[in-house]
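Architecture at a glance
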Amino acid sequence: MIAYLLLIVIGWVNIYAATNSGDGVSIFDFSARAGKQFVWILTALGLAGVILFLLPARLWEGICIPLYAFVALLLVLVIFVSSDIKGSHSWFSLGAVRFQPAEISKISTSLLLSFLLSQQGFKMTRRRDFLLACLVIGLPMLIIIGESETGSALVYTGFIFVLYREGLSGWWIGLIGLVIVLFISTLTLGTYWSLIILLAVLVGCDAYMHPRDFWKRLWIGAGVVLLLALLPVAYDWIKMETTWRFLLKLRPLWVLLTLVGIAVPFLLWRAWWKKDRLLGITVGAFVVGLILVFSTDYIFHRVLQEHQRKRIEVLLGMKEDLAGAGYNVNQSKIAIGSGGFSGKGFLQGTQTTYGFVPEQSTDFIFCTVGEEWGFLGCLLVIALYVFIIARLILDAERCRGHFTRIYGYCVASCIFMHLFINVGMTVGLMPVIGIPLPLLSYGGSSLWSFTILIFIFLALYRDEKKYF
Amino acid sequence: MNTDGRHIRLLIGLGVATLLLLGKLISLQLLDNSYKENASKNVTIKETIYPTRGVIYDRNRQILVGNKVAYDIMVDPKMVQASDTAAIAAVAAILQQEPDFIREKLDEFRRKGPVGGTQEVTLLRAVPAEVYMRLDEVKYNFPGFRGQVRSIREYPVNAGGNLLGYVSEVSPDYIRRHNGEYTAGDYAGMTGIEAAREKDLRGEKGYHIYLRNSRNQREGSYKDGAEDKEAVPGRDIVTTIDAPLQQYGQQLMRNKVGSVVAIEPSTGEILALVSSPGIDVDKLADIGKYWKEISANPYKPMYNRAVQASYPPGSVFKLVNGLIGLQEGVLRPETVYSCYKGYSYGEGRKLGCHSHKTSINMDESIMMSCNAYYCYVFKSILDQKKFSSVAEALDYWREMVMSFGFGKKLGSDFPAELSGSIPSSATYNSKYRRWNSTTVISLSIGQGEILATPMHLANFCATVANRGYYYIPHIIKETEGVPQDPRFSERHYTLVDTTQFPKVIPGMWKAVNAPAGMGGTAHVARVDGLEICGKTGTAQNPRGADNSVFICFAPKDNPKIAIAAYVENGGFGAAYAAPIASLMVEKYLTGTVSRKDLERSMKQSNLLYRVKRD
């Protein structure tokens, strides 16, 4: 609660700093962003009060299905009636006030997911239940992608942590991680090394799955991987030293693919013969991985949009484009980096005042913290978030009502995804994805939705204590 | 499935993610200093200090091109609101511009954004000091405007506009061609001496780098001035030009097309280089404003005829043939040829001559400029027994002629010099199926395929004045801190022996100084006591009236000045070229001019109507 208040005040002050250009507009000037945010904060606090003290906590569990449906409708509707703001169709304009249904959708999705998962007899391992949960998460996600707000949609992947907590196999998280790793490695290291990584991971999994001859399998697998990894080195050596030009035709990738072409049918046959399902899965996973690696280029160039591709290229250092796609991040890093240990002081940030970083009061608000308050400020802000997230998890664990617990996890993962993606983006760990930093960034709908998100949990949590 | 420990795992995951972020923050904020520097660079103000350009002097240290202070008006768009109509109008009024002009500049900046860290826009360039002073008085009312000191060119005397060349702001194309040496807003010499000696004249720019704080106030030097650089002024240049002579030449050549080149024979220094019509220095100073007018002028004032116009030299070339004849032994001063109004060669054709007494010796032939005499001389050069063919003879002759500097670039320090041309056997082989010495006979009198620039003629005149050698004509006497190119102090001898040269001088002396009625072609050039020796020329011009040509040097012994004047469509050599050249000689040697009538008539005459325009 205190952490929440602290964060919104920090956010408010930093919005003032970010939009201030040295002309001495008051922090309460309602025509400026800081003033507006002040209004948003007051209303958000009012909202929090309403949720805590006026509305019955049981209400939420009851209305979650109609609410979800209603918000889904809004999400679709907004595509047609919204004005185009920075290329996305996700804003409702009501006079001077604009709001983004995608923000509210986080709440409704969290509620419905909690409702679904807390039903008696819901089993994550049952395929039907799992798919239902996926549908609850996936539906708003897809609509939001349809609104060209890919960044906001990405936040929904955070719900996988909730599913994990509620019994989803940990392999899924690992799988997603592997897909991301393969995607990145194919882009940066090339196809060959991606395949080596894939093989290495599979060898590790295979060994893990056979605890009896763990070491034997690990050593053999590692040997094969190492041998294959040495192939390009050997190839380069041959290129330098030998006169046997015909050897140059044996490109490592082709050699590898030939080996794969021989090994895969053989292993599949063996799996069928010995009824070794695990081996079948492993080989199948490899083939899927192979397809993924080879389609990376296609996905990267065809499926992703131009600006998304550029942002990833910049992040992975494939392109240096400080004037174009890389400008934001570079300036943002400069702002944060120049803050040093204790920062330049309130309103003293030059990067901030001169507006080198675009979107500095919204998505890049963390720059202002970084520049003016330095490492200490960043530490404080991150610590506050981590405190909120950890507190949510621990409180959720203490709950006996499944609905409250699951909901707490939903809130925690939402905040975590926003925090990680947003801060990661400003420091250059993540590609530029336009999502706000919860409670800090300028913007009413974001502030409101996070306030509601958190305070519903607090209301539920308080309610819980009454009964138990 | 058992999910008991999973919240712990998730918390650990949260911890790892947090550490990842903090780790990156530590590397950005605590370990890597380059970002601090970048942030400083983002907000530095780089104030360029422009060097003063080198001054150009004449030979007597009179300033030809000086500098005066002007100001570039800079504006910081962040400090001026487009809505502040009153301020913009006030500044615009002072700068004598429309308010919209300022607004457009501000808009342009806002559209393009800060390029390369500059936060200022140049509003106006090279505003005169008087105008700037008025802005300066009220500047405190209009924050955001400031003046950047620049030095611009100033011309105290109207001498040698074309020669000096102009300076202007570099174009994007110019910047591209001189990779890295210039940036927008720099000035550079574009023509004449300004261009030829750009590297010496320009100096080196300096700069001071200041830091700004978040309220746009200056906060000391960047890195305590460690990266500041002081401007190095350009090197001064002393030219060989004699400003009064140059100016006088320009006055005499006004309203005529042509040029005058005066050289000091003992050094090769160019005393005056007049190309007419030329550009007055007041137009030079503000070339941008007059550019249209100048380039629309049908007489092409930008064209430096003294080194870029190739003409047939006409009769002055008889001296060259005479000297070659002497050298070859086919001509002696006593040789007498007769002339009955011309030289007849096969099948009744005749190269005409004016009426003068016949049976003349070499002195008289020079004095009266007899065409027939030189036809005989030229023919006897080419028809010498030692040559197996006329072609061989012609090429031999060409080599002799070129040793005088004709037909090639002299190698002057002046840019854009043309080489002219002297024909070779190959020229005629391609032109005629069969040819012999009579085919090329017009070469004897400097007509036909011969082309030479006025500079060539002046150099030839200096060679005769020196009795056999020349120094490469040059225009730079000294450059501050740079030694003079040694090639300008080398004597260049011709293939004609120095003993032959004194033999043609009496004829040149008589051409000017023979008593009236004796047939001296350049009697008009005579000035008592100056001992001017000269040779007229009347070169055919396919585009109208003949060109008037005259070369002369004076005094006869130890000549101080050699001069060549070439007036397009001026008629006889004696009509314009000789008076103008002799007036300039008189002016240079005595400081005054006694022949006021002649001077007045030369200054007033206008030949432009005769000149065919393109």
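Here's a quick rundown of the structure.

**Some points on helix 3 (residues 85–94) of chain B**
Residue and element names in this part refer to chain B.
- Taken together, the buried positions of helix 3 are A87, I88, V91, A92 and I94. Angular distribution of buried residues about the axis of helix 3 spans 160 degrees; they occupy a single face of the element. Projecting away from the buried face of helix 3 at angles above 90 degrees are the exposed residues A86 and A93.
- Directly after helix 3, the chain includes Q96, whose backbone phi takes a positive value near 60 degrees.

**Some remarks on the environment of I152(B)**
All names here are of chain B.
- With respect to the secondary-structure elements, I152 resides in strand 5 (residues 145–154).
- Here the alpha-carbon distance between I152 and V65, two residues 87 residues apart in the chain, equals 10.0 Å.
- Those residues within four positions of I152 in sequence are excluded, and the remaining contacts are G66, N67, K68, A70, A126 and Y187.

**Some details on the side chain of K318(B)**
All names here are of chain B.
- Mapped onto the secondary structure, K318 falls in helix 14 (residues 318–328).
- No salt bridge is formed by the buried K318. Its closest oppositely charged neighbour is D546, at 11 Å.
- Discounting chain neighbours no more than four positions away, the residues touching K318 are S369, C370, N371, Y374, S444, I445 and K535.

**Some details on the packing of helix 17 (residues 402–427) of chain A against helix 1 (residues 6–31) of chain B**
- Orientation of helix 17 of chain A relative to helix 1 of chain B, taken along the N-to-C sense of each, is 20 degrees, at an axis distance of 11 Å. Considering their axes alone, helix 17 of chain A and helix 1 of chain B lie roughly parallel with respect to each other. Every pair of crossing elements has a handedness; the one defined by helix 17 of chain A and helix 1 of chain B is left-handed. In this structure, helix 17 of chain A contributes Y409(A), F416(A), L419(A), F420(A), V423(A), G424(A) and V427(A) to the contact, and helix 1 of chain B contributes H7(B), L10(B), L14(B), A17(B), L20(B), L21(B), K24(B), L25(B) and L28(B).
- In the contact of helix 17 of chain A with helix 1 of chain B, the residues fall into 13 nonpolar, two polar and one charged.

**Topic: the sheet that holds strand 20 (residues 561–567) of chain B**
Residue and element names in this part refer to chain B.
- Taken in spatial order, the five strands line up as 12-11-20-19-18 in an open sheet, and their pairing is antiparallel. At either margin of the open sheet sits one strand with a lone partner, and together these are strand 12 (269–276) and strand 18 (533–539). Here the strands of the sheet are splayed against their neighbours by 5 degrees on average, with no regard to which way each runs.
- Sheet topology places strand 11 (residues 258–264) next to strand 12; seven bridges connect them, and they run antiparallel. Its bridge partner lying in strand 12, G258 is registered against S276.
- Across the face of the sheet, helix 19 (residues 454–465) comes into contact with strand 11, strand 12, strand 19 (547–554) and strand 20 while running at roughly 150 degrees to strand 20.

**Quick notes on the environment of N569(B)**
All names here are of chain B.
- Turning to its location among the elements, N569 is positioned in the loop between strand 20 and helix 21 (577–590).
- Classification of N569 as buried rests on a relative accessible area of 1%.
- For N569, the contacting residues outside a window of four places in its chain are N541, R543, G544, A545, D546, N547, L607, R610 and V611.

**Brief notes about the packing of aromatic side chains**
Residues and elements named next belong to chain B.
- Tallying each qualifying case throughout the model produces 24 aromatic pairs over all chains.
- Centroid distance Y469 to Y471: 5.9 Å. Interplanar angle 90 degrees. Geometry classified as edge-to-face.
- When its relative accessible area of 13% is taken as the criterion, Y469 is described as buried.
- Grouping aromatic residues by their ring pairs yields a cluster made of F317, F378, W397, F404, F406, F460 and F501.
- The lysine or arginine in question, R61, covers the ring of Y57, its NZ or CZ lying 5.9 Å from the ring centre.

Rules and cut-offs
Residues numbered from 1 in each chain as written. Chains lettered and ligands numbered in written order. Predicted model: local features only at pLDDT ≥ 70, side-chain atom pairs only at ≥ 80, totals over all residues. Heavy atoms only, no water. Buried < 20%, exposed > 50% of the residue type's maximum accessible area, 1.4 Å probe, protein only. Helix = DSSP H or I, 4+ residues; strand = E, 2+ residues; numbered from the N terminus. Arc of directions from axis to C-beta. Contact = heavy atoms within 4.5 Å. Lys, Arg positive; Asp, Glu negative; His and termini not counted. Salt bridge = Lys/Arg side-chain N within 4 Å of Asp/Glu carboxyl O. Axes fitted to C-alpha atoms, helices over the stretch in contact; angles between N-to-C directions. Parallel < 35°, antiparallel > 145°, perpendicular 65-115°, else oblique. Left-handed = near helix turned anticlockwise from the far one by under 90°. Nonpolar A, V, L, I, M, F, W, Y, C, P; charged D, E, K, R; others polar. Pairing = 2+ DSSP bridges. Phe/Tyr/Trp six-rings, centres within 6.5 Å; stacked < 30°, edge-to-face > 60°. Lys NZ or Arg CZ within 6 Å of the ring centre and 35° of its normal.

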